[in-house]
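For reference, the chains in residue letters:
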Amino acid sequence: NAGVTQTPKFRVLKTGQSMTLLCAQDMNHEYMYWYRQDPGMGLRLIHYSVGEGTTAKGEVPDGYNVSRLKKQNFLLGLESAAPSQTSVYFCASSSGTGRSGYTFGSGTRLTVV
Amino acid sequence: AQSVAQPEDQVNVAEGNPLTVKCTYSVSGNPYLFWYVQYPNRGLQFLLKYITGDNLVKGSYGFEAEFNKSQTSFHLKKPSALVSDSALYFCAVIGGGFQKLVFGTGTRLLVSP
């Protein structure tokens, strides 16, 4: 049982480049989330999805877009990367409202130069 | 609005001594409280949760946490620390209804031999 898988694990981008981070879960969870982790700031929610075909903004959505075309996948896109988007990105999923907790992927470390 | 406070950036403890990592929360309705641990270059791992019932919750690796409704706290504890417990610990909360998991800023635990 793989749980939540994120690809890639590491990436270096130049300012202005675009990229897509992929999150896949095999637990049939309805809810999926993208967080970014920055030193001293904990985890902040970027976007989330409550089911296939739905997306919603979180706490820090600017500069990011997401899509949930299939229930098991949640994609995070950066259209024009900026140095401020240098961070570690975590995907998570949960069943129902998440009161049983989230399952996290191992993260993507992104550096924008 | 939901919020979590972890007042200590770092906690230092000697191996074999008891440890406490503090967490206070603010939420509307009944809280669902969680502790996660993050080892270097890894994702977040679930430690324990409080949903309802007994105020003392036991979790993985010998950790436990005490829910105190009057003090709105959910401190993480372990009777005897191990060097291998050194990691970053996050407290998180969900309130009533569907609300997203909100994280504290994290506390780094350093256990010295």
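One can find the structure itself at the top, above this paragraph.
Caption draft 1: Quick look at the packing of aromatic side chains. Applying the stated criterion to the full structure yields 16 aromatic pairs over all chains. Geometrically, the ring pair formed by A:Tyr35 and A:Phe104 is tilted, given 6.2 Å between the ring centres and 45° between the ring planes. With a gap of 69 residues between them, A:Tyr35 in strand β4 (residues 31-38) and A:Phe104 in strand β10 (residues 103-104) connect regions that are remote in the sequence. Here A:Tyr35 matches A:Phe104 in class, with each residue buried. On the numbers, 6.5 Å between centres and 55° between planes, the contact of B:Tyr50 with B:Phe74 is tilted. Residue B:Tyr50 is found in strand β6 (residues 44-50), and its partner B:Phe74 is found in strand β9 (residues 73-78); the two are separated by 24 residues along the sequence. In terms of burial, B:Tyr50 and B:Phe74 fall into one category: buried. Here a set of aromatic residues connected by ring pairs shows up, and it is made of A:Tyr33, A:Tyr35, A:Tyr102, A:Phe104, B:Phe34, B:Tyr36, B:Phe46, B:Phe90 and B:Phe103.

Caption draft 2: Focus on the nonpolar core. Of all hydrophobic cores here, the largest spans 28 residues; its most connected members are B:Trp35, B:Leu47, B:Leu48, B:Phe74, B:Leu76 and B:Tyr89. Where this core is concerned, the elements lending two or more residues are β2 (10-14), β3 (19-21), β5 (32-38), β6, β8 (64-68), β9, β10 (87-94) and β12 (107-112) of chain B. In terms of residues, this core owes the most to one element, β10(B), which gives four residues. The next biggest cluster of nonpolar side chains, apart from the first, holds 21 residues, and it includes A:Tyr35, B:Ala92, B:Ile94 and B:Leu101.

Caption draft 3: Structural view of the interface of chain B and chain A. The interface of chain B with chain A comprises 23 residues on the first partner and 22 residues on the second. Remark: the boundary between chain B and chain A carries zero salt bridges. Where chain B touches chain A, the interface holds six residue pairs in polar contact (both at pLDDT 80 or more). Contributions of two or more residues to the side of chain B that touches chain A are made by β5, β6 and β10 of chain B. Looking at the side of chain B that touches chain A residue by residue, the class counts come to 11 nonpolar, nine polar and three charged.

Conventions adopted
- Residues numbered from 1 in each chain as written.
- Chains lettered and ligands numbered in written order.
- Predicted model: local features only at pLDDT ≥ 70, side-chain atom pairs only at ≥ 80, totals over all residues.
- Heavy atoms only, no water.
- Phe/Tyr/Trp six-rings, centres within 6.5 Å; stacked < 30°, edge-to-face > 60°.
- Helix = DSSP H or I, 4+ residues; strand = E, 2+ residues; numbered from the N terminus.
- Buried < 20%, exposed > 50% of the residue type's maximum accessible area, 1.4 Å probe, protein only.
- Core = buried A, V, L, I, M, F, W, Y, C linked by side-chain atoms within 4.5 Å.
- Contact = heavy atoms within 4.5 Å.
- Salt bridge = Lys/Arg side-chain N within 4 Å of Asp/Glu carboxyl O.
- Polar contact = N/O pair within 3.5 Å; in protein donor to acceptor, adjacent residues only side chain to side chain.
- Nonpolar A, V, L, I, M, F, W, Y, C, P; charged D, E, K, R; others polar.

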